[in-house]
Amino acid sequence: MSNLTELGQLLHEEHFRILVAVCGLENRVGGAYECQPLDAANAEDRHQLEELVAALDEVIGHHAFEETVIFPLIRQCGKRELTNALAIEHLAIEPMAMRLRVVADAMLQSGTGAERWSEFRAAASALIAEVLQHLQKEELNIVQHLDEFLDPQMDHQLALDHLADRANSRQPAFAL
Ligand SMILES: [Fe+2]
Ligand SMILES: [Fe+2]
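Computed from a prediction, not measured in an experiment: that's the story for all the values here. (Residues numbered from 1 in each chain as written. Chains lettered and ligands numbered in written order. Predicted model: local features only at pLDDT ≥ 70, side-chain atom pairs only at ≥ 80, totals over all residues. Heavy atoms only, no water.)

J.: Account for helix α1 (residues 6–29), naming residues and giving values.
T.: End to end, α1 covers 35 Å across 24 residues, agreeing with the expected 34 Å (1.5 Å per residue, within 8%). When we look at burial in α1, the residues that qualify are Leu7, Gly8, Leu10, Leu11, His12, Glu14, His15, Ile18, Val22, Leu25, Arg28 and Val29. Count one or two residues on from α1 and you reach Gly31, which has phi positive near 55°. (Helix = DSSP H or I, 4+ residues; strand = E, 2+ residues; numbered from the N terminus. Expected span 1.5 Å × (residues − 1). Buried < 20%, exposed > 50% of the residue type's maximum accessible area, 1.4 Å probe, protein only.)

So this is what it looks like as structure tokens:
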């Protein structure tokens, strides 16, 4: 991955963070953990649920950046079919992410019964499969080819803008 552009590196880092969250989720809902619901009363489980909610929010923000900045630029290079397919995948992933976020939030607020854990596992499983194949497609078709779609100056400027947006979005909304 050493030949990525600056913007490509940022996108790759975001994909990697999403991948880590999704793989952590996959481990926690399958195998030996299937019958061990995440319990918000347990500090470690609570932290995992909070991290998951943050990761799901990051997925939505990441999609918005791709759709408003990256995809239009790639479309201009004649890759309309690719960007349309990826945008359709976003439309499939986002309701799944929101569904899982709602269940995770409910677990944080009012605990995990058997039915809620089953709902969580179903929502997680559906999301994991979609996200993994989407990340792979974007890494292969976009991240590794950004140098073909953007000149170095534009790539550098977009990377700076994106870093600034990320920093701003982390600041408290009502800072005194
Ligand atoms: Fe992406
Ligand atoms: Fe995407």
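J.: Break down helix α6 (residues 152–169) for me, citing the residues and quoting the values.
T.: End to end, α6 covers 26 Å across 18 residues, agreeing with the expected 26 Å (1.5 Å per residue, within 8%). Every buried residue of α6 is listed here: Asp155, Leu158, Ala159, His162 and Arg166. For α6, the buried positions fall inside an angular range of 105° around the axis, keeping them on one side. Tucked inside the fold, the buried residues of α6 contact α1, α2 (43–76) and α5 (146–149). Of the residues flanking the start of α6, the one acting as N-cap is Asp151, its side-chain oxygen 3.0 Å from the backbone nitrogen of Gln153. (Arc of directions from axis to C-beta. Contact = heavy atoms within 4.5 Å. Polar contact = N/O pair within 3.5 Å; in protein donor to acceptor, adjacent residues only side chain to side chain.)

J.: A description of the side chain of His162 should follow, citing residues and the corresponding values.
T.: With respect to the secondary-structure elements, His162 resides in helix α6. By relative accessible area, His162 is classed as buried at 7%. In this structure the side chain of His162 is engaged in a polar contact, spanning 2.6 Å, whose partner is the side chain of Glu14. Beyond its immediate chain neighbours, meaning those up to four positions away, His162 contacts Leu10, Glu14 and Phe65.

J.: Which residues make up the coordination of the iron ion (ligand 2), and what values go with them?
T.: Coordination of the iron ion (ligand 2) by the protein is provided by Glu66 (OE), His90 (NE2), His134 (NE2), Glu138 (OE) and Glu138 (OE), with metal-donor distances spanning 2.0 to 2.8 Å. We note that the donor set of the iron ion (ligand 2) lies within a single chain, spaced as E-x23-H-x43-H-x3-E. Separation of the iron ion (ligand 2) from the iron ion (ligand 1) amounts to 3.2 Å, with Glu66 serving as a shared donor to the pair. Of this pair, His90 sits in helix α3 (residues 80–110) while Glu138 sits in helix α4 (residues 114–141), and the two are 48 residues apart along the sequence. Pair check on accessibility: His90 and Glu138 agree, each one buried. (Donors = N, O, S within 2.8 Å, 3.2 Å for Na, K, Ca; no water.)

J.: Which residues make up the packing of aromatic side chains, and what values go with them?
T.: Taken as a whole and judged by the stated rule, the model has 1 aromatic pair. Pairing Trp117 with Phe120 gives two aromatic rings, centres 5.4 Å apart and planes at 10°, and the pair type is stacked. You can see Trp117 and its partner Phe120 sitting in helix α4, 3 residues apart, about one turn around the helix. Looking at Trp117, the relative accessible area reads 5%, which means it is buried. By relative accessible area, Phe120 is classed as buried at 0%. (Phe/Tyr/Trp six-rings, centres within 6.5 Å; stacked < 30°, edge-to-face > 60°.)

J.: For the confidence of the model for the chain, give the residues involved together with the corresponding values.
T.: When pLDDT is averaged along the chain, the result is 92, and 95% of the positions lie at 70 or above. When pLDDT is averaged over each helix and strand of the chain, the minimum, 93, is found for α6 and the maximum, 97, for α3. (pLDDT = per-residue confidence, 0-100.)

J.: Requested: an account of the UniProt feature "domain: Hemerythrin-like" (unreviewed entry) in the chain, with residues and values cited.
T.: Under the UniProt annotation, the feature "domain: Hemerythrin-like" (unreviewed entry) is placed at residues 39–143. This span, residues 39–143, is 89% helix and 0% strand, and a straight line between its end C-alpha atoms measures 37 Å. (UniProt positions renumbered as here; feature names shortened; annotations may be inferred.)

J.: Explain the environment of Ala40 residue by residue, including any values.
T.: Among the secondary structure elements, Ala40 is positioned in the loop between α1 and α2. Judged by relative accessible area, Ala40 falls into the buried class, the value being 9%. Once the C-alpha coordinates of Ala40 and Met107 are considered, the two residues, 67 residues apart in sequence, prove to be 6.5 Å apart. Those residues in contact with Ala40 that lie beyond four places of it in its chain are Arg46, Leu49, Met107 and Leu108.

J.: How would you sum up the coordination of the iron ion (ligand 1)? Please name residues and give values.
T.: Note on the iron ion (ligand 1): its protein donors are His15 (NE2), His62 (NE2), Glu66 (OE) and Glu138 (OE). The metal-donor distances range over 1.9 to 2.1 Å. Considering all 4 donor atoms around the iron ion (ligand 1), the spread of angles at the metal, 84 to 176°, places the coordination shape in the irregular class. Mapping the donors of the iron ion (ligand 1) onto the primary sequence gives the spacing H-x46-H-x3-E-x71-E. (Tetrahedral: all angles 85-135°; square planar, octahedral: opposite > 155°, others 65-115°.)

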